[in-house]
Amino acid sequence: MIIHVYPNAKTLAQAAATLLAAQITGKPGSVLGLATGSSPVATYQELIRLFQEKAVDFSQATTFNLDEYVSLPISHPCSYHAFMQVQLFDHVNFKASNLPDGNAKDLNRECRRYDAAIQRAGGIDLQLLGIGRNGHIGFNEPADSFSAGTQIVNLTDSTIQANKRFFPSEREVPRQAISMGIGTIMSARKIMLLATGEDKAEAVRGMVKGNVTPRLPASILHFHHRVTLLLDEGAASKI
Ligand code: F6R
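Residues numbered from 1 in each chain as written. Predicted model: local features only at pLDDT ≥ 70, side-chain atom pairs only at ≥ 80, totals over all residues. Heavy atoms only, no water.

**Student:** Give a description of unusual backbone geometry that names residues and reports values.
**Tutor:** Across the chain, the bulk of peptide bonds are trans and the bulk of non-glycine residues have phi less than zero. Positive phi, close to 60°, is recorded for Lys-54, a residue that is not glycine. Summarising the element assignment, Lys-54 is placed in the loop between helix 2 (41–52) and strand 3 (62–65). By relative accessible area, which is 74% here, Lys-54 ends up exposed. The phi dihedral of Ser-71 is positive, around 65°, even though this residue is not glycine. As for its placement among the helices and strands, Ser-71 is situated in the loop between strand 4 (67–69) and helix 3 (80–87). Overall, the relative accessible area of 57% leaves Ser-71 in the exposed class. (Helix = DSSP H or I, 4+ residues; strand = E, 2+ residues; numbered from the N terminus. Buried < 20%, exposed > 50% of the residue type's maximum accessible area, 1.4 Å probe, protein only.)

**Student:** Tell me about the site of the ligand, and name the residues and values.
**Tutor:** The environment of the ligand is made up of 14 residues, and the closest members are Ser-39, Asp-67, His-136, Gly-138 and Lys-200. Note that an oxygen atom of the ligand is positioned 2.8 Å from one of the backbone N or O atoms of Ser-38. Taken by itself the ligand offers 400 Å² of open surface, and the protein chains cover 93% of this. Among the cavities detected, the one that contains the ligand is the largest pocket. Per-class residue counts for the shell around the ligand are three nonpolar, eight polar and three charged. (Near = heavy atom within 4 Å. Polar contact = N/O pair within 3.5 Å; in protein donor to acceptor, adjacent residues only side chain to side chain. Areas by Shrake-Rupley, 256 points an atom, 1.4 Å probe, with all protein chains shown as cover. 1 Å grid on protein atoms, 1.4 Å probe; cavity = no way out; pocket = protein on both sides within 12 Å on 5 of 7 lines; lining within 4 Å. Sits in = over half its atoms within 2 Å of the grid points. Nonpolar A, V, L, I, M, F, W, Y, C, P; charged D, E, K, R; others polar.)

**Student:** Break down the packing of aromatic side chains for me, with residues and values.
**Tutor:** All told, the structure shown has eight aromatic pairs when counted by the stated rule. When the ring of Tyr-69 is compared with that of Phe-167, the centres are 5.6 Å apart and the planes differ by 75°; the resulting orientation is edge-to-face. Of the two residues, Tyr-69 sits in strand 4 while Phe-167 sits in the loop between helix 5 (157–163) and strand 8 (176–179), which places them 98 residues apart along the sequence. Between Tyr-80 and Phe-139, the ring centres sit 6.0 Å apart and the planes meet at 10°, which makes this aromatic pair stacked. Here the residue Tyr-80 occupies a position in helix 3, and Phe-139 occupies one in the loop between strand 6 (126–129) and strand 7 (151–154), the gap between them amounting to 59 residues. Each of the two residues, Tyr-80 as well as Phe-139, counts as buried. (Phe/Tyr/Trp six-rings, centres within 6.5 Å; stacked < 30°, edge-to-face > 60°.)

Below, the structure written as C-alpha coordinates:
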(Lines give C-alpha, C1' and ligand atoms only; values in the text may rest on other atoms or scores of the structure.)
Protein backbone atom coordinates (compact mmCIF):
# COMPACT_ATOMS: atom_id res chain seq x y z
CA MET A 1 0.00 0.00 0.00
CA ILE A 2 1.25 3.46 -0.83
CA ILE A 3 0.06 5.91 1.84
CA HIS A 4 -0.10 9.67 1.35
CA VAL A 5 -1.11 11.92 4.26
CA TYR A 6 -2.39 15.45 3.58
CA PRO A 7 -2.81 18.33 6.02
CA ASN A 8 -6.53 18.64 5.26
CA ALA A 9 -9.44 17.40 3.15
CA LYS A 10 -8.96 20.11 0.51
CA THR A 11 -5.34 19.25 -0.32
CA LEU A 12 -6.32 15.57 -0.32
CA ALA A 13 -9.11 16.25 -2.82
CA GLN A 14 -6.74 18.20 -5.08
CA ALA A 15 -4.29 15.30 -5.07
CA ALA A 16 -7.03 12.71 -5.70
CA ALA A 17 -8.46 14.73 -8.61
CA THR A 18 -4.98 15.13 -10.09
CA LEU A 19 -4.47 11.34 -9.96
CA LEU A 20 -7.88 10.70 -11.57
CA ALA A 21 -7.22 13.30 -14.27
CA ALA A 22 -3.79 11.77 -14.93
CA GLN A 23 -5.47 8.39 -15.39
CA ILE A 24 -7.81 9.90 -18.01
CA THR A 25 -5.03 11.79 -19.76
CA GLY A 26 -2.87 8.65 -19.90
CA LYS A 27 -5.77 6.51 -21.13
CA PRO A 28 -8.72 8.61 -22.39
CA GLY A 29 -10.92 5.50 -22.71
CA SER A 30 -10.40 4.58 -19.05
CA VAL A 31 -13.06 2.78 -17.05
CA LEU A 32 -13.37 4.44 -13.64
CA GLY A 33 -15.01 2.89 -10.60
CA LEU A 34 -16.70 5.65 -8.57
CA ALA A 35 -18.03 6.01 -5.05
CA THR A 36 -20.73 8.08 -3.34
CA GLY A 37 -20.80 9.34 0.27
CA SER A 38 -19.01 12.35 1.70
CA SER A 39 -15.45 11.24 1.00
CA PRO A 40 -15.29 11.85 -2.78
CA VAL A 41 -17.42 15.04 -2.94
CA ALA A 42 -14.52 17.51 -2.76
CA THR A 43 -12.60 15.39 -5.26
CA TYR A 44 -15.54 15.54 -7.67
CA GLN A 45 -15.62 19.33 -7.25
CA GLU A 46 -11.94 19.47 -8.17
CA LEU A 47 -12.57 17.25 -11.21
CA ILE A 48 -15.37 19.58 -12.33
CA ARG A 49 -12.99 22.53 -11.96
CA LEU A 50 -10.31 20.77 -14.02
CA PHE A 51 -12.94 19.95 -16.67
CA GLN A 52 -14.16 23.56 -16.81
CA GLU A 53 -10.56 24.72 -17.20
CA LYS A 54 -10.23 22.23 -20.07
CA ALA A 55 -7.44 20.43 -18.23
CA VAL A 56 -9.24 17.08 -18.63
CA ASP A 57 -11.76 15.60 -21.05
CA PHE A 58 -13.88 12.61 -20.02
CA SER A 59 -15.62 12.11 -23.38
CA GLN A 60 -14.08 8.68 -23.99
CA ALA A 61 -14.26 7.45 -20.40
CA THR A 62 -16.86 5.19 -18.79
CA THR A 63 -17.81 4.92 -15.12
CA PHE A 64 -19.26 2.22 -12.91
CA ASN A 65 -20.41 3.11 -9.42
CA LEU A 66 -19.89 0.84 -6.46
CA ASP A 67 -23.44 0.60 -5.24
CA GLU A 68 -27.08 1.66 -5.12
CA TYR A 69 -29.87 1.22 -2.59
CA VAL A 70 -32.54 -1.41 -3.22
CA SER A 71 -36.11 -0.21 -3.90
CA LEU A 72 -35.33 3.51 -3.75
CA PRO A 73 -36.58 5.24 -6.91
CA ILE A 74 -33.67 6.74 -8.85
CA SER A 75 -35.56 10.06 -8.80
CA HIS A 76 -35.32 10.07 -4.97
CA PRO A 77 -32.78 12.75 -3.97
CA CYS A 78 -30.99 10.22 -1.71
CA SER A 79 -30.54 7.60 -4.43
CA TYR A 80 -26.97 7.17 -5.57
CA HIS A 81 -28.14 7.80 -9.14
CA ALA A 82 -29.34 11.25 -8.05
CA PHE A 83 -26.23 11.86 -5.94
CA MET A 84 -23.87 11.15 -8.83
CA GLN A 85 -25.94 13.26 -11.21
CA VAL A 86 -25.83 16.28 -8.89
CA GLN A 87 -22.26 15.89 -7.61
CA LEU A 88 -20.55 14.99 -10.89
CA PHE A 89 -22.34 13.74 -13.98
CA ASP A 90 -24.37 16.92 -14.65
CA HIS A 91 -21.13 18.90 -14.83
CA VAL A 92 -18.74 16.75 -16.88
CA ASN A 93 -18.85 14.72 -20.09
CA PHE A 94 -18.39 11.01 -19.46
CA LYS A 95 -19.17 8.82 -22.46
CA ALA A 96 -21.29 6.51 -20.29
CA SER A 97 -22.04 6.17 -16.59
CA ASN A 98 -23.40 3.06 -14.91
CA LEU A 99 -24.88 2.29 -11.52
CA PRO A 100 -26.56 -0.92 -10.36
CA ASP A 101 -30.35 -0.91 -10.77
CA GLY A 102 -31.73 -1.29 -7.27
CA ASN A 103 -35.25 -1.44 -8.68
CA ALA A 104 -34.64 -4.34 -11.05
CA LYS A 105 -37.36 -7.01 -10.93
CA ASP A 106 -34.76 -9.74 -10.55
CA LEU A 107 -32.02 -8.35 -8.31
CA ASN A 108 -29.79 -11.42 -8.54
CA ARG A 109 -29.86 -11.19 -12.29
CA GLU A 110 -29.06 -7.46 -12.05
CA CYS A 111 -25.95 -8.31 -9.99
CA ARG A 112 -24.74 -10.70 -12.69
CA ARG A 113 -25.60 -8.20 -15.42
CA TYR A 114 -23.57 -5.48 -13.66
CA ASP A 115 -20.44 -7.64 -13.36
CA ALA A 116 -20.81 -8.69 -17.00
CA ALA A 117 -21.13 -5.05 -18.08
CA ILE A 118 -17.90 -4.19 -16.22
CA GLN A 119 -16.16 -7.09 -17.97
CA ARG A 120 -17.50 -6.05 -21.37
CA ALA A 121 -16.21 -2.52 -20.82
CA GLY A 122 -12.73 -4.01 -20.33
CA GLY A 123 -12.62 -4.05 -16.52
CA ILE A 124 -12.08 -1.15 -14.14
CA ASP A 125 -8.80 0.72 -14.59
CA LEU A 126 -9.02 2.82 -11.44
CA GLN A 127 -11.45 2.24 -8.58
CA LEU A 128 -12.15 5.06 -6.15
CA LEU A 129 -13.19 3.96 -2.64
CA GLY A 130 -14.21 5.46 0.67
CA ILE A 131 -14.16 3.42 3.88
CA GLY A 132 -16.95 2.94 6.39
CA ARG A 133 -16.33 3.37 10.12
CA ASN A 134 -16.74 -0.38 10.39
CA GLY A 135 -14.16 -0.94 7.64
CA HIS A 136 -16.65 -1.62 4.85
CA ILE A 137 -15.81 -0.89 1.22
CA GLY A 138 -18.68 -0.49 -1.19
CA PHE A 139 -21.47 -1.91 0.97
CA ASN A 140 -19.44 -5.01 1.80
CA GLU A 141 -20.08 -5.12 5.51
CA PRO A 142 -18.03 -7.05 8.12
CA ALA A 143 -18.79 -10.74 7.57
CA ASP A 144 -17.45 -14.27 8.01
CA SER A 145 -16.06 -14.42 4.48
CA PHE A 146 -15.16 -12.08 1.63
CA SER A 147 -17.79 -11.68 -1.09
CA ALA A 148 -17.03 -12.37 -4.74
CA GLY A 149 -19.10 -10.57 -7.35
CA THR A 150 -21.77 -7.88 -7.19
CA GLN A 151 -24.37 -8.86 -4.64
CA ILE A 152 -27.41 -7.83 -2.62
CA VAL A 153 -26.38 -6.80 0.88
CA ASN A 154 -28.21 -6.11 4.12
CA LEU A 155 -26.91 -2.88 5.62
CA THR A 156 -25.61 -3.10 9.18
CA ASP A 157 -26.98 -0.89 11.89
CA SER A 158 -23.71 1.07 11.94
CA THR A 159 -24.06 1.86 8.22
CA ILE A 160 -27.74 2.79 8.62
CA GLN A 161 -26.75 5.13 11.47
CA ALA A 162 -23.93 6.64 9.38
CA ASN A 163 -26.13 7.16 6.31
CA LYS A 164 -29.25 8.48 8.03
CA ARG A 165 -27.77 12.00 7.82
CA PHE A 166 -28.68 12.00 4.12
CA PHE A 167 -32.33 11.04 4.73
CA PRO A 168 -35.25 12.92 6.35
CA SER A 169 -35.37 10.20 9.04
CA GLU A 170 -33.67 6.93 9.97
CA ARG A 171 -36.84 5.01 9.06
CA GLU A 172 -36.38 6.03 5.44
CA VAL A 173 -32.86 4.65 5.06
CA PRO A 174 -33.15 1.55 2.84
CA ARG A 175 -32.11 -1.67 4.56
CA GLN A 176 -30.59 -3.28 1.47
CA ALA A 177 -28.30 -2.28 -1.36
CA ILE A 178 -26.68 -3.77 -4.43
CA SER A 179 -22.92 -3.52 -4.10
CA MET A 180 -19.93 -4.54 -6.14
CA GLY A 181 -18.45 -7.49 -4.28
CA ILE A 182 -14.96 -7.62 -2.83
CA GLY A 183 -13.94 -9.74 -5.83
CA THR A 184 -15.25 -7.10 -8.24
CA ILE A 185 -13.36 -4.36 -6.38
CA MET A 186 -10.15 -6.41 -6.21
CA SER A 187 -10.31 -6.98 -10.00
CA ALA A 188 -9.70 -3.27 -10.63
CA ARG A 189 -6.22 -2.60 -12.00
CA LYS A 190 -5.61 0.24 -9.53
CA ILE A 191 -7.40 1.29 -6.36
CA MET A 192 -7.43 4.67 -4.65
CA LEU A 193 -9.04 4.93 -1.21
CA LEU A 194 -9.89 8.29 0.36
CA ALA A 195 -10.44 8.79 4.09
CA THR A 196 -10.83 12.00 6.03
CA GLY A 197 -11.56 12.79 9.66
CA GLU A 198 -10.78 11.21 12.99
CA ASP A 199 -13.93 9.11 12.93
CA LYS A 200 -12.24 7.01 10.22
CA ALA A 201 -8.96 6.66 12.13
CA GLU A 202 -9.83 3.34 13.81
CA ALA A 203 -10.97 1.72 10.54
CA VAL A 204 -7.85 3.06 8.80
CA ARG A 205 -5.65 1.66 11.57
CA GLY A 206 -7.31 -1.76 11.21
CA MET A 207 -6.89 -1.68 7.44
CA VAL A 208 -3.22 -0.64 7.54
CA LYS A 209 -1.93 -2.36 10.66
CA GLY A 210 -4.32 -5.25 11.33
CA ASN A 211 -4.63 -8.74 9.91
CA VAL A 212 -6.50 -9.39 6.68
CA THR A 213 -9.97 -10.39 7.81
CA PRO A 214 -13.54 -10.22 6.43
CA ARG A 215 -14.42 -8.67 9.80
CA LEU A 216 -12.72 -5.54 8.42
CA PRO A 217 -13.41 -5.81 4.68
CA ALA A 218 -10.95 -3.04 3.64
CA SER A 219 -8.09 -5.15 5.05
CA ILE A 220 -8.29 -7.25 1.85
CA LEU A 221 -6.59 -4.34 0.05
CA HIS A 222 -3.27 -5.70 1.37
CA PHE A 223 -3.64 -8.40 -1.32
CA HIS A 224 -3.93 -5.85 -4.14
CA HIS A 225 -0.63 -4.68 -5.52
CA ARG A 226 -1.61 -1.20 -6.72
CA VAL A 227 -3.44 0.49 -3.87
CA THR A 228 -2.95 4.12 -2.87
CA LEU A 229 -4.46 5.46 0.35
CA LEU A 230 -5.04 9.21 0.50
CA LEU A 231 -5.62 10.24 4.11
CA ASP A 232 -5.92 13.51 5.93
CA GLU A 233 -4.18 13.92 9.28
CA GLY A 234 -7.32 12.98 11.22
CA ALA A 235 -7.83 9.68 9.37
CA ALA A 236 -4.11 8.91 9.65
CA SER A 237 -3.92 9.77 13.36
CA LYS A 238 -3.81 6.15 14.59
CA ILE A 239 -1.28 4.63 12.18
C1 F6R B 1 -20.15 4.69 -1.26
C2 F6R B 1 -19.71 3.48 -0.58
C3 F6R B 1 -19.33 3.46 0.86
C4 F6R B 1 -18.69 4.74 1.35
C5 F6R B 1 -18.38 4.65 2.85
C6 F6R B 1 -17.83 5.94 3.38
O7 F6R B 1 -20.47 4.42 -2.61
O8 F6R B 1 -19.72 2.46 -1.19
O9 F6R B 1 -18.44 2.38 1.07
O10 F6R B 1 -17.51 4.99 0.64
O11 F6R B 1 -19.54 4.33 3.55
O12 F6R B 1 -18.83 6.90 3.35
P13 F6R B 1 -18.51 8.44 3.62
O14 F6R B 1 -17.60 8.87 2.52
O15 F6R B 1 -19.84 9.13 3.53
O16 F6R B 1 -17.89 8.51 4.95
